[in-house]
Amino acid sequence: MDPLIVGLDVGTTTSKAVVFTAEGRPVGEGKAVTPWVITPHGTQMDAGELLESAREALRQALAEAPDGPVLAVGVTSMGESGVLLNAHGVPLAPVIAWHDTRDRAEVRDLTTALGEDRFAGHTGLPLRGQWSLTKHRWLLAHHPQTKEAVRRLNIAEWVVRGLGGEESAEQSLASRTGWLELATRRWWPEALEWSGADRSLMPDLVTAGTPLGRVSDEVGIPRLTGAVLTVAGHDHQAATVGAEASGPGDELDSCGTAEALVRTVPAGLVDTLAVATLAKGGITTGWHVLADHWCLLGGTQGGLALQSVLGLLGRTSNDLAELDREALARNPRTVTVTGVETDELHVSGITNDVSPADLWRAALEAVAAQAEQVHSAMSAVVGGHQALVVTGGWSRSQALLEIKRRVLGPLRNPAVSEAGARGAALLAGMAAGVYAGREQFPPLG
C-alpha cells in the first residue's frame, strides 16, 4: 500500500480536499460548500460549521482514495478572515468574509490614524477594507463578548487546530492581517493598539510546512488519526507550489473566485519605495509560504465578475464550453463591461443585435484587461516574467485562456485541477519528512 498525503484548500466558495500518493498522483477528491450566510451586516459564517465543512471534504476525498497510510495533512486557505477564541477554545463571534464591506467606517478611521503611506510602508498592504485589523475592530464594537478572546487564528490555522494540531500564525496568512510588519516579520504594536488587539492574541509565527502536531482520534476520521499536520498558508501562494510556479521569474495567475497574480521573490528584494509604489497600484508585498521569500500579489475580482455575468445570462458552469465557443467566434462589439475592480459591474452598449456571447466576450475582455494592469505594475518593479502559469476554476474557460494569451503572451495551463490543495499536500509531506525540502517535490505529470 502506497503512503498518502492530503491537501485541503479552504476557499471562498468551497473546501477542496485531494489525496495524493508520495509521487504526487491524485487518488481521491472531496468538496464541500463554504457555509457563508448573508445577514443585515453582511457576509459571515459560523466557525464550527466551517470546520465541519472542511472535515466533510476530507471524508469524501478519503472515501475515494485507495488503502494506504495517511502520513500528513496540509491546510491552505483564503486570507484575512479569522476566528476569535475564548480561554476554552470556543469561537466568540462570526467569521467575517474577506470581501465584506461592513468595516467602511473603520477603514476611514485607520486612514486618519495611521495614513495610507505609513500603513503600506509597515505592512506592504494598500490601505483598504480587506485586511483583518479593521474587521477585528468592528467585532469588538458590535460583539462585546469578543473582548474575552485569548486567541485569534486565520482560517487554515483554525482548521488545523480543529483537527488536533497546535496553534500557530503562519507567515503568509499573518501578512494578510495588517498587523505584521513586512521588514521585521514582527507584529506591529501601533496596528495592534489601533484595532484593539493584544499581542497575546497572536500565536508564534511559523513558516508553511512546519509540523504542528498530529490529527486527533477525536476528529472522527480514523484514516487521518496520527497524520502530521501543517498550515500551508495563503491559498494563492500554496498554489504557486502546487502548480510549479514559484521559481525565479515565474508568475502565477490563479483564476478562482478571487483572481490573483502572484510573483515569488527573495525576501528584501523590493525596497520601501517600491513597496509603496506597488501598494498604490493595489499590489501587496508579504511573506511567502516558502521560507526566506516574499510574495507580490495583485488581486482582482475577475472570478466574481465572471460568475455574476454568467448568472445574468441565466447560464451555469455546465454551459461554459458552448458559451466560450460562441464568444470566440464573435467579433468584439460595442458592448462593454466595467467595474471588474469593484463590487459593482456596469454593462453598456447593449443593442437589439447583441447576443449573450457578445456580453460574455466583453466580460472576458474586461477581466483580462484588469489582469494585464496588475501584471504590468508588478513587472515595472521586479522585471518581466519568464513563465506565466494559469490555474484555478476559471482556467477551464478556453475563451478566457485565449484572450489572456493575446493580452499577456504565452502561458502554461498545467494539468492540475487543484493547485492549492496540491501545494498544501506537498508542504505537508515536507512537514512529515516525506520530502527533505522543496527540491524533492515530485514534478507535475
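Everything here concerns the structure above.
No experiment lies behind these values; they were computed from the predicted model shown.

Chemist: Please provide a residue-by-residue account of the overall build of the chain, values included.
Modeler: When its secondary structure is counted, the chain shows 14 helices and 21 strands. Whereas a compact globule of 445 residues would reach a radius of gyration of roughly 22 Å, the chain reaches 21 Å, a difference of no more than 12%. Principal-axis analysis of the C-alpha atoms places the extent of the chain at approximately 60 × 60 × 45 Å. Put simply, the chain has 445 residues, and 60% of those count as buried. Taking all contacts inside the chain whose residues are at least 6 apart in sequence as the whole, residues at least 24 apart take part in 71%. With 36 positive and 51 negative side-chain charges, the chain shows a separation of 1 Å between the mean positions of the two kinds.

Chemist: Tell me what's going on with the pattern of salt bridges, and back it up with residues and numbers.
Modeler: Opposite charge on two side chains makes pairing possible when the charged atoms of those side chains draw close. By the definition in use, this model includes 17 salt bridges. With a closest N to O distance of 3.0 Å, aspartate 117 and lysine 280 form a salt bridge. You can see aspartate 117 sitting in helix H3 (residues 116-123) and its partner lysine 280 sitting in helix H9 (residues 272-280), a full 163 residues away along the chain. In this pair, the class of aspartate 117 matches that of lysine 280, namely exposed. Salt-bridge contacts for glutamate 190 lead to arginine 118; the nearest nitrogen and oxygen are separated by 2.4 Å. On the criterion of sequence distance, the pair formed by glutamate 190 in helix H7 (residues 189-195) and arginine 118 in helix H3 is long-range, its members being 72 residues apart.

Chemist: Describe in detail the environment of proline 66, supporting the description with residues and values.
Modeler: Mapped onto the fold, proline 66 is located in the loop between helix H1 (47-64) and strand S6 (70-77). Sequence separation between proline 66 and aspartate 2 is 64 residues, and the spatial gap between their C-alpha atoms is 8.6 Å. When sequence neighbours within four positions are dropped, the list of residues in contact with proline 66 reads Leu4, Val27 and Arg223.

Chemist: Report on the packing of helix H2 (residues 104-114) against helix H4 (residues 132-142), specifying residues and quantitative values.
Modeler: Helices that pack against each other are described as a pair by the angle of their axes relative to one another and the distance between those axes. In the contact formed by H2 and H4, the axes pass within 9 Å of each other and the chain directions differ by 120 degrees. In this structure, the crossing between H2 and H4 has a hand that is right-handed. In contact with Glu106, Val107, Asp109 and Leu110 of H2, H4 contributes Leu133, Thr134, Arg137 and Trp138. Classifying every residue of the contact of H2 with H4 by side-chain character gives 4 nonpolar, 1 polar and 3 charged.

Chemist: Before we move on, could you go through the sheet that holds strand S14 (residues 228-234) and cite the residues and values that matter?
Modeler: Taken together, the 5 strands give an open sheet; going across it, the order is S3-S2-S1-S6-S14, and neighbouring strands pair in mixed fashion. The open sheet has two free edges, formed respectively by strand S3 (26-33) and S14, since each of these has just one partner strand. Put simply, the sheet's adjacent strands are angled 15 degrees from each other on average, direction ignored. As judged from the 6 bridges shared by S6 and S14, these two strands associate in the parallel manner. Paired with threonine 76 across the two strands is glycine 233, which belongs to S14. Sheet strands touched by H1: strand S1 (4-10), strand S2 (14-21), S3 and S6. Its angle to S3, the strand with the most contacts, is close to 150 degrees. Sheet strands touched by helix H14 (residues 419-431): S1, S2, S6 and S14. Its angle to S1, the strand with the most contacts, is close to 130 degrees.

Chemist: Which residues make up the side chain of histidine 136, and what values do they have?
Modeler: Note that histidine 136 resides in helix H4. For histidine 136, a relative accessible area of 3% puts it in the buried group. Those residues in contact with histidine 136 that sit more than four places away from it in its chain are Leu84, Trp179, Ser195, Gly196, Ala197 and Leu201.

Chemist: Please give an account of empty space enclosed by the protein that cites residues and values.
Modeler: Per the stated rule, a full pass over the model turns up 3 cavities of 30 Å³ or more. Of the pockets and cavities examined, the largest cavity occupies roughly 90 Å³. Counting residues per element, the ones that place at least two in the lining of the largest cavity are strand S7 (82-85) and H4. Counting residues per element, the lining of the largest cavity draws most heavily on H4, which supplies 4 residues.

Chemist: Outline the nonpolar core, supporting the account with residue identities and numerical values.
Modeler: Leu8, Val75, Trp158, Val159 and Leu224 are the most contacted members of the largest nonpolar core, which totals 45 residues. Of all elements in the fold, only S1, S2, S3, H1, S6, S7, helix H5 (155-162) and S14 reach the threshold of two or more residues within this core. Sort the elements by how many residues they give to this core and H1 lands first, with 8 residues. With 41 residues, the next largest nonpolar core counts Ala191, Val265, Ala274 and Ala371 among its residues.

Chemist: Just give me the short version of the pairing of strand S18 (residues 293-300), but keep the residues and values in it.
Modeler: Extensive coverage of S18 is indicated by the burial of 6 of its 8 residues. Here strand S16 (residues 259-266) pairs with S18 via 8 bridges, running antiparallel. Pairing of valine 265 across the sheet is with tryptophan 294, part of S18. Sheet topology note: the strand S17 (residues 283-287)/S18 ladder contains 5 bridges and is antiparallel. Opposite threonine 284, over in S18, you have leucine 297 as the bridge partner.

Cut-offs used in this document
- Residues numbered from 1 in each chain as written.
- Predicted model: local features only at pLDDT ≥ 70, side-chain atom pairs only at ≥ 80, totals over all residues.
- Heavy atoms only, no water.
- Helix = DSSP H or I, 4+ residues; strand = E, 2+ residues; numbered from the N terminus.
- Rg over C-alpha atoms; globule rule 2.2 N^0.38 Å.
- Buried < 20%, exposed > 50% of the residue type's maximum accessible area, 1.4 Å probe, protein only.
- Contact = heavy atoms within 4.5 Å.
- Lys, Arg positive; Asp, Glu negative; His and termini not counted.
- Charge placed at Lys NZ, Arg CZ, Asp CG, Glu CD.
- Salt bridge = Lys/Arg side-chain N within 4 Å of Asp/Glu carboxyl O.
- Axes fitted to C-alpha atoms, helices over the stretch in contact; angles between N-to-C directions.
- Left-handed = near helix turned anticlockwise from the far one by under 90°.
- Nonpolar A, V, L, I, M, F, W, Y, C, P; charged D, E, K, R; others polar.
- Pairing = 2+ DSSP bridges.
- 1 Å grid on protein atoms, 1.4 Å probe; cavity = no way out; pocket = protein on both sides within 12 Å on 5 of 7 lines; lining within 4 Å.
- Points joined across faces, edges and corners; volume = space filled by probe spheres on them.
- Core = buried A, V, L, I, M, F, W, Y, C linked by side-chain atoms within 4.5 Å.

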